[in-house]
Amino acid sequence: MKFSYSNVSTFGTCPYKWYLNYIEHLKTIPETNPDNALWLGLGLHKGIECGVEAGIAEYKSHFNMLTDSHINWIMQLEYQIPKVIELLPEGGEHELEIKFGDFIGYADYVCGDTLYDFKFSNNIDNYLNSPQLSIYKYHLEKVRPDIKINHLKYVFVPKIQIRQKLKAKPPETIQEFRMRLREHLEASEIKIVEVPYDSSSITDFQEACQYLNTCKEFPKTPSRLCNWCQYKLYCESNGEIDYNIL
């Protein structure tokens, strides 16, 4: 098995979820909510690499129909993608595949001696404590001796999470809401934050991969994160509720 950072992180969160995903290979019906973090992230990444229209097309491709809520999120992508592109140095490489030993990963953007990772999120503190970029740096330099990474940087693109005031008197129209959304976007700030390289995280990651290669027990680990798990109903019903399993 090839191990990615998200693969190992999933096991740390819940071994049973890891088992269902990577051993049983249970696929679920994709969520179609407009604020789906995966689809928004893919749209953002595609847009930064290939332009706004490509990013929006990527986001839209995951839905059979578009509602006003989808259009609101498209507005955010349309506004933020050019801002990110403006902040990044030109001439780098997007989506570098990293395969070394048991590891597989993709570096969002590498330019000169800097590795960038894009996050469409407001949860900055969670990522600042993550060893993800250190692990990417180590393995990238193994497969690309021509690259020497001296700087690890997250690019945090804020999500504007406001709601239309439908209970106001009179209710806020969609046009009024989008004007307010635009104001929030203009007041928002994209943050580029550098994090230090943590060599100890490499040993921890390698030991985790070795453990997963021989692991035989996959206990359930209930937490608040269960609310966002695609296997929540299947897990809690011990496999009896499986209508969202493909």
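Preceding this section is the structure that the text describes.
Residues numbered from 1 in each chain as written. Predicted model: local features only at pLDDT ≥ 70, side-chain atom pairs only at ≥ 80, totals over all residues. Heavy atoms only, no water.

Engineer: So what exactly am I meant to see when it comes to a nonpolar patch on the surface here?
Structural biologist: A cluster of nonpolar side chains, Leu 233, Ile 241 and Tyr 243, forms an exposed patch at the surface whose accessible area comes to about 300 Å². One can find Tyr 243 in the segment after helix 10 (232-236). Classification of Tyr 243 by relative accessible area gives exposed; the value is 60%. (Patch = residues over 30% accessible without salt bridge, like charges linked within 9 Å, V, L, I, M, F, W, Y side chains within 5 Å. Areas by Shrake-Rupley, 256 points an atom, 1.4 Å probe, with all protein chains shown as cover. Salt bridge = Lys/Arg side-chain N within 4 Å of Asp/Glu carboxyl O. Helix = DSSP H or I, 4+ residues; strand = E, 2+ residues; numbered from the N terminus. Buried < 20%, exposed > 50% of the residue type's maximum accessible area, 1.4 Å probe, protein only.)

Engineer: Would you take a moment to explain the state of the cysteines for this structure?
Structural biologist: Two cysteines, two sulfur atoms, one covalent bond between them: this is a disulfide. Overall, the coordinates contain 0 disulfides when judged by the stated rule. Cys 14 takes part in no disulfide bond, and the closest cysteine sulfur, belonging to Cys 235, lies 6.2 Å away. (Disulfide = S-S within 2.5 Å.)

Engineer: How should the environment of Ile 71 be read in this particular structure?
Structural biologist: Tracing the backbone through its elements, the reader meets Ile 71 in helix 5 (residues 68-87). With 37 residues separating them along the chain, Ile 71 and Pro 34 place their C-alpha atoms 8.7 Å apart. Excluding its chain neighbours within four sequence positions, the residues that come into contact with Ile 71 are Leu 66 and Arg 178. (Contact = heavy atoms within 4.5 Å.)

Engineer: I would appreciate a short explanation of the sheet that holds strand 1 (residues 93-100) in the present structure.
Structural biologist: Sheet strands pair via backbone hydrogen bonds, and the direction of the pair is either parallel or antiparallel. One open sheet holds the 5 strands; their spatial order is 1-2-3-4-5, and the pairing between them is mixed. At either margin of the open sheet sits one strand with a lone partner, and together these are strand 1 and strand 5 (191-195). On average, each strand axis in the sheet is tilted by 40° relative to the strand beside it, whichever way the strands run. Where strand 4 (residues 151-157) meets strand 5, 5 bridges bridge the pair, whose relative direction is antiparallel. Across the sheet, Lys 153 pairs through a bridge with Glu 194, a residue of strand 5. Helix-sheet contacts for helix 7 (residues 132-143) involve strand 1, strand 2 (103-111), strand 3 (114-120), strand 4 and strand 5, and the interaxial angle to strand 1 is about 75°. (Pairing = 2+ DSSP bridges. Axes fitted to C-alpha atoms, helices over the stretch in contact; angles between N-to-C directions.)

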